[in-house]
Amino acid sequence: MKAIRRFTVRPVLPDSLQPLQDLARNLRWSWHTETRELFQAVDPEGWRPADADPVRLLGNVSAGRLAELAGDPQFLRRLTEVSDDLRAYRDGPRWYQDQLAAGAELPAAVAYFSPEFGVTAALPQYSGGLGILAGDHLKAASDLGVPLIGVGLLYRHGYFRQSLSRDGWQQEHYPVLDPNELPLTLVREADGTPSRVVLALPGGRSLHACVWQAQVGRVPLLLLDSDVEENAAGERDVTDRLYGGGSHHRLLQEMLLGIGGVRAVRTYCRLTGHPAPEVFHTNEGHAGFLGLERIRELCGTGLDFGAALEVVRAGAVFTTHTPVPAGIDRFDRQLVARHFGDDGELPGVPVERILPLGTETYEGGEPGLFNMAVMGLRLAQRANGVSTLHGAVSREMFSGLWPGFDPSEVPITSVTNGVHAPTWVAPEVFRLGAGKVGAGRAGDALSGGPVEGALDGESLGRPGGTPKRWDAVAGIPDREIWDLRRVLREQLVTEVRKRLYASWRRRGAGTAELGWIDGVLDPEVLTIGFARRVPSYKRLTLMLRDRDRLTGLLLHPERPIQIVVAGKAHPADDGGKRLVQELVRFSDDPRVRHRIVFLPDYGMGMAKKLYPGCDVWLNNPLRPLEACGTSGMKAALNGCLNLSVRDGWWDEWYEPDFGWEIPTADGSATDEDRRDELEANALYALIEDRVAPRFYDRDAEGLPERWVEMVRRTLATLGPKVLAGRMVREYVERLYAPAALARRSLDPAAARELAQWKARVRAAWPGVAVDHVEATAATVAGGSAELGSTLSLRVRIALGGLDPDDVEVQVVAGRVDSGDAIADAQAFPLKPAGGHDLEDRWLYEGPLALDRTGPYGYTVRVLPSHRLLASGAELGLVALPAEGAVEEAVDGPGVLLR
Ligand SMILES: *Cc1c(COP(=O)(O)O)cnc(C)c1O
């Protein structure tokens with residue numbers, strides 16, 4: 001029978017157990033072991049570690065059990081301890097407060113927008129890396145005391161749950177998530193009515209949403225939900241699924257996230273007294289409309305569009321997450337136009353000012369499209385990629401927006417992602433470390449938080465400093481490390497069998513057919529993990545390239561390997577589903593099915609068991625399409641070694657001590673098929689010749705000494721780098737703090753001045769030119785000069801009516817390649833010398849020291865210059881000497897040759 005109405009009966013807790021409510025609703029339990037253990041004690045049978053959920057647990061526990069606990073002094077003592085600990089965590093000063101106390105100028109608050117958040121399996125609002133990163137960002141911010149407000153959408157079905165058909169085809173399920181059963185609280189007005197956010201839609205319709213709040217330690221996460229009664233059916237479904245639906249649907253989701261998100265933040269701050277954010281951080285382009293909403297707000301205070309844009313840019317940070325075009329949202333221009341302007345949202349912000357923000361004004365750009373990443377870059381003065389390599393790739397990819405500048409000067413920096421160790425380090429691994437240094441210090445070290453008397457000498461007394469090495473790990477005996485690896489592998493084997501069994505039952509197998517599952521995987525065998533979403537660049541099936549060779553590795557008589565694979569393909573991606581099917585079919589083969597398994601429904605719960613249980617984490621993307629990748633970091637934190645193409649973070653931090661690099665054929669093999677073949681062969685060879693022999697090379701006591709040493713180095717040296725705490729501190733110091741300062745210096749008068757200055761400079765720029773360059777040095781003759789000599793440069797510049805104060809004239813010099821392009825360019829300012837001549841040309845002078853040997857070259861350029869610009873490339877304006885317009889003095893005193 002189907003119920004005609006569904007509602008939730010909330011548990012009534014005895015008074016003495018009330019603190020359990022707070023503990024259940026604050027998601028800190030998801031990374032705080034003592035809190036989890038407390039809930040486990042409430043109902044040891046009902047607690048399922050893989051998908052733990054205290055709210056559900058409290059909903060299911062019997063009144064009798066509650067009465068029992070209320071009379072158990074030992075339990076009550078523990079409860080008091082744990083809830084005192086949460087209070088101290090929530091209210092006490094942390095790293096950020098220490099920085100403020102020491103005089104640092106930091107934002108009063110930061111709003112962090114993301115289309116998905118992976119905080120815990122109990123709040124399934126993520127599809128993959130982007131969401132988990134956002135969740136880790138919130139948790140690390142909480143640990144560090146950063147006053148962040150997270151903003152996202154609450155999807156009624158989350159992403160999707162994956163299962164398999166009998167023949168291995170991905171099946172999608174969309175279970176309904178009832179917010180009343182999730183760890184969420186409805187944001188309400190003072191009078192108790194639920195708060196509302198409303199957006200105007202074309203045709204006089206409107207989109208209403210309520211706001212749910214999840215509490216992530218100290219950090220509130222606001223999630224907008226369109227499933228409210230005021231909405232018509234179509235609008236109710238706006239927040240139905242993450243990354244579902246067509247273009248129009250996505251646009252509405254992104255308008256709700258960006259525009260509605262800002263309104264939700266305003267509501268939250270009004271109701272709670274939380275300080276207003278000074279910085280708005282857009283995690284990928286999807287939330288980009290938030291900048292437009294802020295422009296609207298500012299226009300309402302009397303600023304014009306240009307001045308408002310400057311204020312918004314100053315306080316905005318944009319993070320780009322992918323060099324894969326499919327990962328970037330692009331809308332039809334007309335569709336965007338229809339939703340803004342007189343008949344839509346943001347009255348007062350002219351559509352003709354909005355559309356150019358998303359226009360792809362570079363070669364190959366599509367004039368009919370509105371690109372959210374491009375708008376993100378135009379609406380934020382500060383932007384970054386998510387690993388050093390991805391920063392470089394992004395500068396290249398978006399360099400068309402800064403014509404005339406070398407990609408290296410494109411104002412996109414990088415902050416390499418990190419992972420939240422308290423979430424991702426298995427309790428067994430943590431205990432091993434805690435056994436050496438004490439739980440408190442080990443916990444602080446993992447959160448990248450205040451490390452008192454840190455784990456190594458270097459960071460002693462440096463509050464908030466993460467040690468560069470966790471030296472304590474060095475003292476752990478080989479035997480203990482190896483025993484731990486074995487325990488984790490064994491747990492994984494058990495977990496895999498359980499999940500595989502459930503999967504086969506779903507695929508229609510009877511219990512009698514499934515006896516073989518008891519023999520799947522072997523806790524003594526080298527275990528390789530590979531789990532991720534299944535876009536084609538991640539190459540799920542590269543390992544299947546030569547099936548016989550793979551089979552040989554799996555069934556090797558002395559040095560076998562076993563592989564655990566998982567991953568979801570996007571529901572609309574049949575190509576990805578075919579890859580899943582290929583893998584499933586291979587692993588269904590009775591010859592190898594005990595050595596390779598595909599586990600459906602990859603998610604955080606599975607991931608937490610998978611990373612620690614593997615010996616080797618495999619990643620073989622098409623370089624350089626993996627912006628960062630974070631699963632390998634989580635694996636490393638558990639002592640798993642990486643075997644990966646040098647892409648994303650592994651390009652930056654690879655060391656032979658931490659694992660192996662799969663050589664990439666990017667550049668050499670233009671044909672994709674050939675490239676796959678080369679890289680797959682390299683992968684097999686590595687496993688065969690290096691990985692497996694090292695794993696199975698045992699000493700007299702049965703220990704693989706050299707393997708254990710790699711595990712130890714991975715934990716001690718790689719561990720501290722990959723922390724989300726390190727990442728968030730970098731965001732604070734390198735992006736949030738400068739953005740807040742920039743924002744503060746833009747009072748309305750300064751904003752107007754900056755906007756007018758930019759308009760004046762843009763208008764005058766066609767008249768700016770490098771007319772003439774002369775270099776004086778007796779030694780520059782016949783094209784060569786001596787190391788250590790100095791050129792004197794004199795340059796005539798036309799300023800087109802601008803003042804010398806409006807520009808900087810630079811000599812840019814460095815090594816030149818065969819095509820005369822300057823590599824490793826360095827820029828030195830030239831100084832104005834005297835006034836202008838009758839033709840309004842200005843003289844600039846300065847020395848250029850020739851401090852390196854070999855082919856060398858220079859040029860001169862003019863850039864706009866203003867104290868409120870974050871970089872010389874900001875306006876994308878530059879004047880360079882016209883071809884053939886320059887003559888150089890090769891000899892004699894400074895004589896103008898023209
Ligand atoms: C970490 C994580 C990811 C992201 O992994 P990548 O290496 O970036 O592909 C995806 N899904 C889950 C469940 C994760 O925990």
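Naming follows an unreviewed UniProt entry, where the protein chain appears as glycogen phosphorylase of Streptomyces finlayi. Among the UniProt annotations of the protein chain, the heading Catalytic activity (unreviewed entry) holds the following wording: "[(1->4)-alpha-D-glucosyl](n) + phosphate = [(1->4)-alpha-D-glucosyl](n-1) + alpha-D-glucose 1-phosphate". As stated in UniProt under Function (unreviewed entry), the record for the protein chain gives "Phosphorylase is an important allosteric enzyme in carbohydrate metabolism. Enzymes from different sources differ in their regulatory mechanisms and in their natural substrates. However, all known phosphorylases share catalytic and structural properties."

Ordered in space as S23-S24-S28-S27, the 4 strands form an open sheet in which the pairing is antiparallel. Among the strands making up the open sheet, the edge pair consists of strand S23 (768–776) and strand S27 (831–836). On average, each strand axis in the sheet is tilted by 20 degrees relative to the strand beside it, whichever way the strands run. Bridge analysis of S27 against strand S28 (residues 841–849) gives 3 bridges, and the strand direction is antiparallel. Bridging from a neighbouring strand, Lys 831 pairs with Glu 845 of S28.

Turning our attention to the domain arrangement of the protein chain. Domain annotation for the protein chain reports domain 1 (15–91), domain 2 (95–163 + 192–414), domain 3 (477–721) and domain 4 (764–887). The centre of domain 3, based on its C-alpha atoms, is set 53 Å off from the matching centre of domain 4.

Turning to helix H20 (residues 547–554), its buried residues number three or more, namely Leu 550, Thr 551, Leu 553 and Leu 554. The buried residues of H20 occupy an angular sector of 160 degrees when projected down its axis, which confines them to one face. Here the buried face of H20 lies against strand S18 (561–566), helix H21 (574–588), strand S19 (596–599) and helix H25 (672–696).

Helix H11 (residues 305–314) packs onto helix H10 (residues 290–299) with a crossing angle of 125 degrees between their chain directions and a minimal axis gap of 9 Å. One finds that H10 runs oblique with respect to H11. The element H10 and its partner H11 pack so that their crossing is right-handed. Packed against H10, whose contacting residues are Gly 291, Arg 294, Ile 295, Leu 298 and Cys 299, the element H11 presents Phe 305, Ala 308, Leu 309, Val 311 and Val 312 at the interface. Looking at the contact of H10 with H11, its residues break down into 8 nonpolar, 1 polar and 1 charged.

On to unusual backbone geometry, then. Arg 623 connects to Pro 624 through a cis peptide bond whose omega is 0 degrees. By the secondary structure assignment, Pro 624 is in the loop between strand S20 (616–619) and helix H23 (631–636). The residue Asp 820 is not glycine, and still its phi comes out positive at about 70 degrees. Residue position: Asp 820 is located in the loop between strand S25 (807–815) and strand S26 (826–829). According to the relative accessible area criterion, Asp 820 is exposed, its value standing at 61%.

On to the UniProt feature "domain: DUF3417" (unreviewed entry) in the protein chain. According to UniProt, the positions carrying the feature "domain: DUF3417" (unreviewed entry) are residues 13–123. Within the segment residues 13–123, helix and strand shares are 52% and 5% respectively, and the terminal C-alpha atoms sit 23 Å apart.

As a matter of local geometry, the ligand sits amid 15 residues, with Lys 538, Tyr 611, Thr 630, Ser 631 and Lys 634 nearest to it. Within the side chain of Tyr 611, a nitrogen or oxygen atom sits 3.1 Å from an oxygen atom of the ligand. Thr 630 places a main-chain nitrogen or oxygen 3.1 Å from an oxygen atom of the ligand. For the ligand, whose unbound accessible area comes to 390 Å², protein coverage reaches 95%. For the shell around the ligand, the elements supplying multiple residues, two or more each, are helix H7 (129–144), helix H22 (604–613) and H23. For the shell around the ligand, the element with the highest residue contribution is H22, accounting for 3 residues. Looking at the shell around the ligand residue by residue, the classes come out as 6 nonpolar, 6 polar and 3 charged. Both domains that meet at the shell around the ligand, namely domain 2 (95–163 + 192–414) and domain 3 (477–721), each give it at least three residues.

Parameters at a glance
- Residues numbered from 1 in each chain as written.
- Predicted model: local features only at pLDDT ≥ 70, side-chain atom pairs only at ≥ 80, totals over all residues.
- Heavy atoms only, no water.
- UniProt positions renumbered as here; feature names shortened; annotations may be inferred.
- Pairing = 2+ DSSP bridges.
- Helix = DSSP H or I, 4+ residues; strand = E, 2+ residues; numbered from the N terminus.
- Axes fitted to C-alpha atoms, helices over the stretch in contact; angles between N-to-C directions.
- Domains from an automatic or database assignment.
- Buried < 20%, exposed > 50% of the residue type's maximum accessible area, 1.4 Å probe, protein only.
- Arc of directions from axis to C-beta.
- Contact = heavy atoms within 4.5 Å.
- Parallel < 35°, antiparallel > 145°, perpendicular 65-115°, else oblique.
- Left-handed = near helix turned anticlockwise from the far one by under 90°.
- Nonpolar A, V, L, I, M, F, W, Y, C, P; charged D, E, K, R; others polar.
- Near = heavy atom within 4 Å.
- Polar contact = N/O pair within 3.5 Å; in protein donor to acceptor, adjacent residues only side chain to side chain.
- Areas by Shrake-Rupley, 256 points an atom, 1.4 Å probe, with all protein chains shown as cover.

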